[in-house]
Amino acid sequence: MLKLFVFLAILTLASSFHAPVFGVRVRSSSLMMDSGENLRPDFEQETPERTKQRIQDMITTNPVMLFMKGNKMFPQCGFSNTAVQILQSYSIDFETCDVLSDEAIRNGVKDFSNWPTIPQLYVAGEFVGGTDIMIEEYQNGNLAEVIEKAKADMI
């Protein structure tokens, strides 16, 4: 009985951590018995194909999608902060994905775009680039054109 109590306490504690950081999803509602009649959580490793599909879904569903460290309310690095400020200057709704809370997405988005750094901006389903490209496109006016197209798509 003590074993069961300790296991459930550990499981409760573990479910409060961000399991996706480790690329593992914990289905806390499903416990399985092992051959020794002990309860164990059912872990499932996310496949690269599933990660790619999640990334594609976010890009498809959101006209302006920024994969970044942190979120638009609390960027966790200077490059992500700059990217957010550029997008906010256009007064456009945009979504963010915090790659620090999901290791599968953090690595998967780099493979998806074939771009090695974070943040990464997608507008109207197309990869724009990282902060350096965003700054360059902002300064030459090209990003404004792309954003205006995304605004039109939102209507």
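Up top is the structure.
Residues numbered from 1 in each chain as written. Predicted model: local features only at pLDDT ≥ 70, side-chain atom pairs only at ≥ 80, totals over all residues. Heavy atoms only, no water.

(A) Looking closely at the layout of surface pockets. Roughly 200 Å³ of volume is contained in the largest pocket. Lining the largest pocket are 13 residues, with Thr47, Pro48, Thr51, Ala104 and Gly108 positioned closest to its centre. Secondary structure elements with two or more residues in the lining of the largest pocket: helix 2 (48-61) and helix 4 (103-113). If you tally residues by element for the lining of the largest pocket, the top one is helix 4, at 5 residues. Looking at the lining of the largest pocket residue by residue, the class counts come to 4 nonpolar, 6 polar and 3 charged. (1 Å grid on protein atoms, 1.4 Å probe; cavity = no way out; pocket = protein on both sides within 12 Å on 5 of 7 lines; lining within 4 Å. Points joined across faces, edges and corners; volume = space filled by probe spheres on them. Helix = DSSP H or I, 4+ residues; strand = E, 2+ residues; numbered from the N terminus. Nonpolar A, V, L, I, M, F, W, Y, C, P; charged D, E, K, R; others polar.)

(B) Region of the structure containing the pattern of salt bridges. Across all of its chains, the model carries 2 salt bridges by this definition. The partner of Arg54 in a salt bridge is Glu46, and the shortest N-O contact between them spans 3.0 Å. Residue Arg54 is classed as buried on the basis of its relative accessible area of 15%. Here Asp102 and Arg54 are joined by a salt bridge, their closest N and O atoms 2.9 Å apart. Placement of the pair is Asp102 in the loop between strand 6 (95-98) and helix 4 and Arg54 in helix 2, with a sequence separation of 48 residues. Taken individually, Asp102 and Arg54 each receive the classification buried, so the pair is uniform in this respect. (Salt bridge = Lys/Arg side-chain N within 4 Å of Asp/Glu carboxyl O. Buried < 20%, exposed > 50% of the residue type's maximum accessible area, 1.4 Å probe, protein only.)

(C) Examining the pairing of strand 8 (residues 126-129) more closely. Summarising the sheet, strand 7 (residues 120-123) and strand 8 pair through 3 bridges and their orientation is antiparallel. Within the sheet, the bridge partner assigned to Tyr122 lies in strand 8 and is Phe127. Here strand 7 hands over to strand 8 after 2 residues, with Ala124 in that stretch at a positive phi of 50°. (Pairing = 2+ DSSP bridges.)

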